[in-house]
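Chains, contacts and geometry: an overview
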Amino acid sequence: MTRVSRVAWLYIAVVAAVAVTVIMPRHTITHDLQWWFQLGVLQLLFLVCEATPTPLATRQSAWSPSSSATLAAVVLLGPMGAALTGAIAVISLRRQLMMAERLFNGAMYAGSGFAAGKAFEAAGGVPHLPQPGDFPAIIWPFAVAAAVHVVINHGLLWGILRLTATGARPGDRTRLESSVALLLTSDLGYAVLGLIIAALWPVVHAFAAVLVLIPLFVARWAMGQFAEQQRAYAATMEALCQAVETKDFYTRGHSERVSRGAGMIAREIRMRPDRAEAIRYAGMLHDVGKLGVPTKVLQKQGPMTEEEYAAIQLHPMRGLEIVREIGFLDEALTGIMHHHERLDGKGYPMGLAADEIPEFARIIAVADAFDSMTSNRSYRRARGIAEATAELRKQAGTQFDPAMVEAFISAVCRDGWKLPDATAAPADRHLVTAQDHDDPTAPLQVIDSALGPGRP
Ligand SMILES: [Fe+2]
């Protein structure tokens with residue numbers, strides 16, 4: 001939770017008030033010491049799980065298996081016990097949590113625990129120490145309780161994320177959505193551990209919580225390693241993009257915007273999530289081959305010689321050479337190598353045509369050209385979105401894949417497009433690029449030493 005606005009505070013207050021008013025008046029305090037002992041153990045389990053969340057690929061979200069404690073309480077103690085187990089989140093051991101977060105988490109977990117307990121009873125479950133004869137009949141009410149718990153938890157979580165994610169970077173929303181899907185699946189899976197704790201309790205008593213903690217922490221370590229790997233990938237991307245943009249000032253931010261545009265197309269054509277992630281990598285690195293092109297060629301003012309133009313045309317191959325050993329790129333390599341192919345076969349480096357061009361490359365070509373046209377260049381002002389989309393349509397079928405063009409335009413019409421900030425020229429203005437090889441409306445000017453300026 002990065003920033004708490006007044007609206008977010010109001011949301012938290014409403015969630016807390018509803019949790020308190022729904023839960024508290026309905027129940028009398030029990031004097032059964034066994035009940036209180038079980039509650040104490042489950043609250044302890046909840047706190048331990050909640051204090052050691054596993055960060056996911058984005059730093060905005062973390063995963064905690066604490067729902068296993070709440071759902072064990074549903075079976076062993078009923079709605080009130082589940083609510084009190086979740087409410088312990090208010091005294092979370094994570095010292096960095098702000099008061100607003102503690103209050104929200106406590107109210108959210110208490111409310112979802114109570115609702116899960118009620119759903120368990122409504123589906124025919126009776127809170128008590130389960131016996132072997134209770135199986136398999138107990139599975140149905142437990143499944144209902146787990147589903148209710150997950151839906152309420154994530155519904156409330158989604159609300160607070162919407163109200164506090166205003167400072168998120170472009171692209172974070174997509175990653176956040178994929179993290180929420182992962183959290184939903186994880187929570188449903190770990191809900192089963194709640195039933196295992198309850199089932200083990202009559203046999204090993206409080207030690208049931210310890211038995212469950214061991215596999216939980218092994219799983220946590222494995223997920224932590226995965227998240228660390230994802231962050232290492234992201235750092236690799238950023239370092240390479242930074243190197244490219246340092247070499248060619250006017251393309252600052254271009255890689256990230258192409259990555260975003262390619263991701264929008266991937267979502268629009270319902271690409272598989274792992275491929276959609278790969279195409280975002282391809283978008284980020286599509287021009288990494290510029291590192292292998294002499295800087296004086298990239299930054300040249302005026303027409304190029306044929307040799308210089310040949311050097312530019314080599315950048316997709318140079319890009320492949322630079323990143324081909326990075327294992328996680330896989331299919332992204334095809335996008336990097338072929339993003340300047342054209343549907344009519346007049347592109348480079350291999351002159352592929354139509355379906356010979358890999359899907360990743362056809363997608364990146366559209367996002368690449370659109371961002372180039374809507375960015376300022378030293379030789380022209382940026383075009384507007386309407387003008388740039390009209391140009392894409394004009395070139396569809398010859399340069400671009402019409403299906404990808406229409407997918408991109410639909411996504412832009414629905415989600416909008418964040419234009420780049422006006423590019424300020426650096427102090428050494430004479431060293432900035434005067435031509436953009438991605439701009440379909442202004443082909444690179446190439447001269448033959450004998451014939452003078454001509455087309456590329
Ligand atoms: Fe390129």
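Given the structure is predicted, the values throughout are model-derived calculations rather than measurements.

1. Overview of the overall build of the protein chain
The helix and strand tally for the protein chain stands at 16 helices and 5 strands. A burial count over the protein chain gives 49% of its 456 residues as buried. Expressed as a percentage of contacts within the protein chain between residues at least 6 apart in sequence, the contacts between residues at least 24 apart total 74%. Summing over all exposed atoms, the protein chain offers an accessible surface of approximately 21300 Å²; the carbon and sulfur share of this is 62%.

2. Overview of helix 16 (residues 402-415)
Taking 1.5 Å per residue as the helical rise, helix 16 with its 14 residues ought to reach 20 Å, and the 20 Å between its terminal C-alpha atoms agrees with that figure. For helix 16, every residue scored as buried is listed here: Met404, Val405, Ala407, Phe408, Ile409, Ala411 and Val412. Against helix 8 (254-268), helix 14 (359-373) and helix 15 (385-395) lie the buried residues of helix 16. Just past helix 16, the residue Gly416 takes up positive phi, approximately 80°.

3. So, the environment of Pro440
With respect to the helices and strands, the residue Pro440 is situated in the loop between helix 16 and strand 4 (446-448). For Pro440, a relative accessible area of 14% corresponds to the buried category. Expressed as a C-alpha distance, the spacing of Pro440 and Glu391, which sit 49 residues apart in the sequence, is 8.4 Å. Among residues more than four places away in sequence, those in contact with Pro440 are Ala369, Met373, Gln395, Gln399 and Phe400.

4. Topic: the nonpolar core
Leu42, Leu45, Leu71 and Ile197 are the most contacted members of the largest nonpolar core, which totals 54 residues. Those elements that place two or more of their residues in this core are helix 1 (6-23), helix 2 (33-51), helix 3 (67-87), helix 4 (99-122), helix 5 (139-164), helix 6 (172-204) and helix 7 (207-247). Counting residues per element, this core draws most heavily on helix 3, at 11 residues.

5. Some points on the pattern of salt bridges
Throughout the structure, instances matching the rule amount to 16 salt bridges. Notably, a salt bridge pairs Glu50 with Arg94, separated by 2.6 Å at the nearest N-O pair. Taken as a pair, Glu50 in helix 2 and Arg94 in the loop between helix 3 and helix 4 lie far apart in primary sequence, 44 residues in all. Among the residues examined, Glu50 registers a relative accessible area of 1% and is labelled buried. Put simply, Arg280 and Glu277 hold a salt bridge, and the shortest N to O gap is 2.9 Å.

6. With respect to the packing of aromatic side chains
According to the stated counting rule, one finds 7 aromatic pairs in the structure shown. Here the aromatic rings of Phe46 and Tyr109 are separated by 5.2 Å at their centres, their planes lie at 80°, and the arrangement is edge-to-face. Of this pair, Phe46 sits in helix 2 while Tyr109 sits in helix 4; the two residues are 63 residues apart in sequence, bridging distant segments of the chain. Neither residue differs from the other here; Phe46 and Tyr109 are each classed as buried. Judged by centre distance (6.5 Å) and plane angle (90°), the rings of Tyr233 and Tyr281 are edge-to-face. On the criterion of sequence distance, the pair formed by Tyr233 in helix 7 and Tyr281 in helix 9 (residues 273-285) is long-range, its members being 48 residues apart. The exposure class assigned to Tyr233 is buried, which follows from its relative accessible area of 18%. Its relative accessible area of 12% is what places Tyr281 among the buried residues. By the ring-pair criterion, three or more aromatic residues cluster together here, those being Phe370, Phe408 and Trp417. Sitting over the ring of Trp417, Arg260 keeps its end group 5.1 Å from the ring centre.

7. Re unusual backbone geometry
Residue Phe135 is joined to Pro136 through a cis peptide bond whose omega torsion reads 5°. Along the chain, Tyr348 connects to Pro349 via a cis peptide bond; the corresponding omega equals 10°. With respect to the element layout, Pro349 can be found in the loop between helix 13 (332-338) and helix 14. Located in the positive-phi region is His205, a residue other than glycine, with phi close to 55°. What makes His205 partly exposed here is its relative accessible area of 47%. For Asp330, which is not a glycine, the phi torsion comes out positive at approximately 40°.

8. With respect to the environment of Ala262
Note that Ala262 resides in helix 8. Between the alpha carbons of Ala262 and Arg362 there is a distance of 9.7 Å; along the sequence they are 100 residues apart. Those residues within four positions of Ala262 in sequence are excluded, and the remaining contacts are Ile279, Ile363, Ile364 and Ala367.

9. Looking at helix 11 (residues 306-313)
Buried within helix 11 are the following residues: Glu308, Tyr309, Ala311 and Ile312. For helix 11, the arc enclosing every buried residue in end-on projection is 155°, short of the 170-degree limit, so these residues lie on one face.

10. Remarks on the confidence of the model for the protein chain
Per-chain confidence: the protein chain averages 83 in pLDDT, with 84% of residues scoring 70 or above. With pLDDT under 50 throughout, residues 449-456 is counted as low confidence; its partners more than four residues away or in other chains account for 12 contacts.

11. Quick notes on the side chain of Gln43
By secondary structure assignment, the location of Gln43 is in helix 2. Since its relative accessible area comes to 18%, Gln43 is described here as buried. Sequence-distant contacts of Gln43, that is, excluding residues within four places in its chain, are made with Leu84, Thr85 and Ile88.

12. Points about the packing of helix 8 against helix 14
Where helix 8 contacts helix 14, the axes come no closer than 8 Å and their chain directions differ by 130°. In terms of orientation, helix 8 lies oblique with respect to helix 14. The handedness of the crossing between helix 8 and helix 14 is right-handed. Contacts between helix 8 and helix 14 pair His254, Arg257, Val258, Gly261, Ala262 and Ile265 from the former with Ile363, Ile364, Val366, Ala367, Asp368, Asp371 and Ser372 from the latter. Residues of the contact of helix 8 with helix 14, tallied by class, amount to 7 nonpolar, 3 polar and 3 charged.

Parameters and conventions
- Residues numbered from 1 in each chain as written.
- Predicted model: local features only at pLDDT ≥ 70, side-chain atom pairs only at ≥ 80, totals over all residues.
- Heavy atoms only, no water.
- Helix = DSSP H or I, 4+ residues; strand = E, 2+ residues; numbered from the N terminus.
- Buried < 20%, exposed > 50% of the residue type's maximum accessible area, 1.4 Å probe, protein only.
- Contact = heavy atoms within 4.5 Å.
- Areas by Shrake-Rupley, 256 points an atom, 1.4 Å probe, with all protein chains shown as cover.
- Expected span 1.5 Å × (residues − 1).
- Core = buried A, V, L, I, M, F, W, Y, C linked by side-chain atoms within 4.5 Å.
- Salt bridge = Lys/Arg side-chain N within 4 Å of Asp/Glu carboxyl O.
- Phe/Tyr/Trp six-rings, centres within 6.5 Å; stacked < 30°, edge-to-face > 60°.
- Lys NZ or Arg CZ within 6 Å of the ring centre and 35° of its normal.
- Arc of directions from axis to C-beta.
- pLDDT = per-residue confidence, 0-100.
- Axes fitted to C-alpha atoms, helices over the stretch in contact; angles between N-to-C directions.
- Parallel < 35°, antiparallel > 145°, perpendicular 65-115°, else oblique.
- Left-handed = near helix turned anticlockwise from the far one by under 90°.
- Nonpolar A, V, L, I, M, F, W, Y, C, P; charged D, E, K, R; others polar.

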